[in-house]
Amino acid sequence: MITFDKTKCVACNNCVRVCPSIGANNVEHDEEGKVVFNINGDKCIRCGACVKVCSHNARGYTDDTDKFWADLKSGVKMVGICAPAVKVSFDGCWRNVLDILKKNGVDKIYDVSFGADICTWGHIRYMEKNPKSKLISSPCPAIVNYIKKFCHEALKSLSPVYSPMLCTAVYLKKYLGEDAKIVALSPCIAKSDEFRETGLVDYNVTFARLGELLKANGTDFESLRKVRSNFEFAGAGGIMGAIYPRPGGLKACLELENPNIAVINSEGTDVVYKNLDMYATVGARDLPDVFDVLSCGNGCGSGPAIGEEMSIYRMSGIMNGIEKYNRNNRVKFDRKHRDKQFLEFDRKLRYEDFLRTIPPEDIEQIDVSEQQIDDMLTRMNKHTETERNYNCHACGFATCREMARAIIMGVSSVTSCAQYMQHEADERSRHIVETNAAIGEVTNELNKVVSQLTENIGSVTDALGGITELNNTNHSQIMGLSDILDELNVLSGEINTAMDSINESISSFGETTRGIDEISRQINILSINASIEAARAGEAGLGFAVVAQEVGKLAGSSQAAVKEAEGGNAKVFEDIGSVNRILKTVNQKMAEIREKMNDVRDNISTTLSKGSDISGAMAEVSDINRHVEGLVTKAESLLD
């Protein structure tokens, strides 16, 4: 079967371009949304054309090589049948390769050229028994798969004669009694379908995988080419069947047997399947007796599993050499040997044993109307007749209408259309030009915004600098206030001391005042006594003398008290003067405090003003930020 690795697919359309089946390649999207072309196994005919052209190794295939080798090593009895194309695949060492297989346990290996001769004989005998039949050759399993799936009208013309490999297998089983498992060595991927459907062959081992297996096990092919092997095929050898792998090989064999038979041949995926599609529409008069068809353009020697690709010149040289050898050494141009072989077949074989019935396969087909195609072409931006018939083949289809049909069927994508992608590129280019212009406008706006933002940031910086300077001034003035408050604290202490002194002086003055008051009382008493004595007339002189003496004493006491009071007053006045001086100093300091407080207040007002300026500037910055966000959003929308 054909395998697919989506991680390697680049959607180059090469697989679509060479694929005969429009539905065999399904468009899909990988995890990243990239378009890839997977395989629809139901519609794939296993021609292997995609495997040959996929340079990215996204397409591959599987066969039975690993299972064959494991079974061989476990002791399973096997015989081999080898296609004539082995001479192309293992040029110069094919005998050595087959000898290696024998040495590793394959019992016998038969030449499929002999089965090809049986195939030619079978066609001749079938046409003799069915003289009006028109046949399409069936040795190529990819051709058979295509007709079964997509050309049911042509299926009745498909030759019922087994392919050379199946003719060989039938001959081994029915006429030689081989009961071993049969391993087919072939250049063909699709042979696996043929073997599975008929059950006649157990393993399809392709030449490419066989070469890889032998290399992995240490085989040096360059060394093999230097040593000639004595290997020979088991059983009878083929005659002209050896040229079957070349284009028109069956045609040449049929014409050699019956020169009057009308045979035309067609090869290659780019033409043969179109011819098959046309076959059912052609009148019987124009059809050949045999339409000899091969999927591979250069015959089986260019099969998808042949191994290392060989030049057409070397390949043709090998096939021509084989034909020349067989003509000269076996047929000898007189057909006697060939007639003898066919007579031997007639005597030993039943040609019915080599016929098969090939049923059709029901493949779901999606009907697509012309209106749907027209709608799809419109969606692909193909509006004019020229655009709808651009037919560049880049998508892998011959016409734009076929491409539109494939998209509707889900087997292709509009992104595979070069014209569509060019249109999309032009639209994107126009969009880019418009976007660049719009982005230019946005850039200019941003430049203005940046300029404005820079200006506002400068204002903020200046305001912050002013605030810093004012804060420093406030700090100095507050420190000055602290010093003044310290001085006031000292003055307050001095005032407290002066007040204590005043209190003492006032206390002393009170004592003096009390003394004066006592003196006054005494004088009053004396005055009263003097009045009494004066009333006594007789002895007035003595009494007045005593009174006068007492009054004198009192006067002295009063004098001392007055002096003491004056001293107290002087002290009080001195202390009051000290207080006044202190208060004057305090008033001066308070004036200084008021001045500094006014400066601090002014600085705080200025700071608040600067803060307001900063707040306004930051509000403008916020507005600018929103403006910038709007411009960025606009730019992003332009880029989407």
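Look up: the structure comes first, before these words.
Presented here is a report on the structure given in the accompanying data block.

Cut-offs applied
- Residues numbered from 1 in each chain as written.
- Predicted model: local features only at pLDDT ≥ 70, side-chain atom pairs only at ≥ 80, totals over all residues.
- Heavy atoms only, no water.
- Helix = DSSP H or I, 4+ residues; strand = E, 2+ residues; numbered from the N terminus.
- Buried < 20%, exposed > 50% of the residue type's maximum accessible area, 1.4 Å probe, protein only.
- Contact = heavy atoms within 4.5 Å.
- Areas by Shrake-Rupley, 256 points an atom, 1.4 Å probe, with all protein chains shown as cover.
- Polar contact = N/O pair within 3.5 Å; in protein donor to acceptor, adjacent residues only side chain to side chain.
- Pairing = 2+ DSSP bridges.
- Axes fitted to C-alpha atoms, helices over the stretch in contact; angles between N-to-C directions.
- Salt bridge = Lys/Arg side-chain N within 4 Å of Asp/Glu carboxyl O.
- Phe/Tyr/Trp six-rings, centres within 6.5 Å; stacked < 30°, edge-to-face > 60°.
- Lys NZ or Arg CZ within 6 Å of the ring centre and 35° of its normal.
- Arc of directions from axis to C-beta.
- Parallel < 35°, antiparallel > 145°, perpendicular 65-115°, else oblique.
- Left-handed = near helix turned anticlockwise from the far one by under 90°.
- Nonpolar A, V, L, I, M, F, W, Y, C, P; charged D, E, K, R; others polar.

Here we come to the overall build of the protein. What the protein contains, in helices and strands, is 20 helices and 11 strands. Residues classed as buried in the protein amount to 44% of the 640 residues present. Taking the contacts inside the protein whose residues are at least 6 apart along the sequence as the reference set, 79% of them involve residues at least 24 apart. In the form shown here, the protein has an accessible surface area of approximately 33,500 Å², with 52% of it arising from carbon and sulfur atoms.

For Asn 13, which is not glycine, the phi torsion reads 75° and is therefore positive. Residue Asn 57 is not a glycine yet carries a positive backbone phi of 60°. With a relative accessible area of 53%, Asn 57 lands in the exposed category.

On to the side chain of Ser 229. Checked against the element boundaries, Ser 229 lands in the loop between helix H11 (221–224) and helix H12 (249–257). We classify Ser 229 as buried; its relative accessible area is 9%. Of the polar contacts made by the side chain of Ser 229, one reaches the backbone nitrogen of Phe 231; its length is 3.1 Å. Not counting chain neighbours up to four residues away, the residues in contact with Ser 229 comprise Arg 95, Asn 96 and Asp 99.

Once that is clear, we can look at the environment of Phe 233. Among the structural elements, Phe 233 can be located in the loop between H11 and H12. Residue classification places Phe 233 among the buried residues on the basis of a relative accessible area of 19%. Sequence spacing of Phe 233 and Cys 82 is 151 residues, and the spatial spacing of their C-alpha atoms is 9.1 Å.

A word on the sheet that holds strand E6 (residues 109–111). The four strands are arranged E6-E5-E8-E9 in an open sheet whose pairing can be described as parallel. Across the chains shown, the open sheet's two edge strands, defined by having one partner strand only, are E6 and strand E9 (203–206). Between one strand axis and the next, the sheet turns by 25° as a mean value, whatever way the strands run. Bridging between strand E8 (residues 181–186) and E9 involves four bridges; their strand directions are parallel. Each bridged residue has a counterpart across the sheet, and for Ser 186 the counterpart in E9 is Thr 206. Helix H8 (residues 164–175) rests against strand E5 (78–82), E6 and E8 of the sheet, and its axis sits at about 155° to E8. Strands in contact with helix H9 (residues 191–198) are E8 and E9; relative to E9, the strand with the most contacts, it is inclined by about 170°.

Before going further, it helps to spend a moment on H12. Burial within H12 is extensive, with eight of its nine residues counted as buried. Among the residues making up H12, those that are buried are Gly 249, Leu 250, Lys 251, Ala 252, Cys 253, Leu 254, Leu 256 and Glu 257.

Bringing the pairing of strand E3 (residues 35–39) into the picture now. Most of E3 sits inside the fold, with four of its five residues counted as buried. Two strands pair when backbone bridges link them, and strand E2 (residues 25–29) and E3 are joined in this way by five bridges, in the antiparallel orientation. Looking at the pairing, Val 27 lines up with Phe 37 of E3. Two successive antiparallel strands, E2 and E3, enclose a turn made up of five residues, where Gly 33 displays a positive phi of approximately 85°.

If you walk through the whole model with that rule in mind, you get 28 salt bridges. Between Glu 361 and Lys 148 there is a salt bridge, with the nearest N and O atoms lying 3.3 Å from each other. Of the two residues, Glu 361 sits in the loop between helix H15 (336–348) and helix H16 (370–379) while Lys 148 sits in helix H7 (residues 141–150), which places them 213 residues apart along the sequence. On the basis of relative accessible area, Glu 361 is assigned to the partly exposed category, the value being 25%. Here Asp 193 ties to Arg 196 by a salt bridge, and the two come within 3.0 Å at their closest N and O atoms. Taken together, the residues span about one helical turn, with Asp 193 and Arg 196 both in helix H9 at a distance of three residues. With relative accessibility at 55%, the residue Arg 196 sits in the exposed group. Shared partners join several salt bridges into a network, and the residues in it are Lys 148, Lys 149, Glu 197, Arg 356 and Glu 361.

The next thing to look at is the sheet that holds strand E7 (residues 135–136). If you trace the three strands from one edge of the open sheet to the other, you get E7-E11-E10, paired in parallel fashion. Each end of this open sheet is capped by a strand with a single partner; those strands are E7 and strand E10 (263–267). Pairing geometry for E10 and strand E11 (residues 290–294), over five bridges, is parallel. Residue pairing for E11: Ile 264 is matched across the bridge by Phe 291. Packing of helix H13 (residues 272–279) onto the sheet brings it into contact with E7, E10 and E11, and relative to E11 it is tilted by some 145°.

The full count for this structure, using the stated rule, is 16 aromatic pairs. Plain terms: the ring middles of Phe 68 and Tyr 203 are 6.1 Å apart, the flat faces sit at 65° to each other, and that makes the pair edge-to-face. Taken as a pair, Phe 68 in helix H3 (residues 65–73) and Tyr 203 in strand E9 lie far apart in primary sequence, 135 residues in all. Over the aromatic face of Trp 94 sits the side chain of Lys 87, whose NZ or CZ is 4.7 Å from the ring centroid. Across the ring face of Tyr 61, the terminal group of Arg 209 is positioned such that the distance to the ring centre comes to 3.9 Å.

Before going further, it helps to examine the environment of Gly 122. Inspection of the secondary structure puts Gly 122 in helix H6 (residues 112–129). By relative accessible area, Gly 122 is classed as buried at 3%. Taking C-alpha positions, Gly 122 is 8.4 Å from Tyr 162, a pair spaced 40 residues apart along the chain. With residues up to four places along the chain from it excluded, the contact list for Gly 122 reads Val 161 and Tyr 351.

The set of residues buried in helix H18 (residues 400–408) consists of Cys 400, Met 403, Ala 404, Ala 406 and Ile 407. Buried residues of H18, seen end-on, are gathered within an arc of 160° and therefore sit on one face of the element. Once H18 finishes, Gly 410 follows within two positions and takes phi at roughly 80°, a positive value.

Next up on the list: the packing of H6 against H12. Packed helix pairs are specified by the crossing angle of their axes together with the interaxial distance, meaning the distance between the axes. The N-to-C vectors of H6 and H12 enclose an angle of 55°; their axes lie 10 Å apart at closest approach. In terms of orientation, H6 and H12 fall into the oblique class. In this structure, H6 crosses over H12, and the sense of that crossing is right-handed. Residues Thr 120, His 123, Ile 124 and Met 127 of H6 touch H12, and the partners they reach there are Leu 250, Cys 253, Leu 254 and Glu 257. The class makeup of the residues in the contact of H6 with H12 is five nonpolar, two polar and one charged.

Two elements in contact, H7 and H13, have axes whose closest approach is 11 Å; the angle formed by their N-to-C orientations is 40°. It follows that H7 is oblique to H13 by the angle criterion. Judged by the twist between their axes, the crossing of H7 over H13 is right-handed. Residue-level inspection shows Ala 142, Ile 143, Tyr 146 and Ile 147 of H7 in contact with H13, the latter providing Val 272, Tyr 273, Leu 276 and Asp 277.

Honestly, that's just the spatial picture; any functional story needs more than this.
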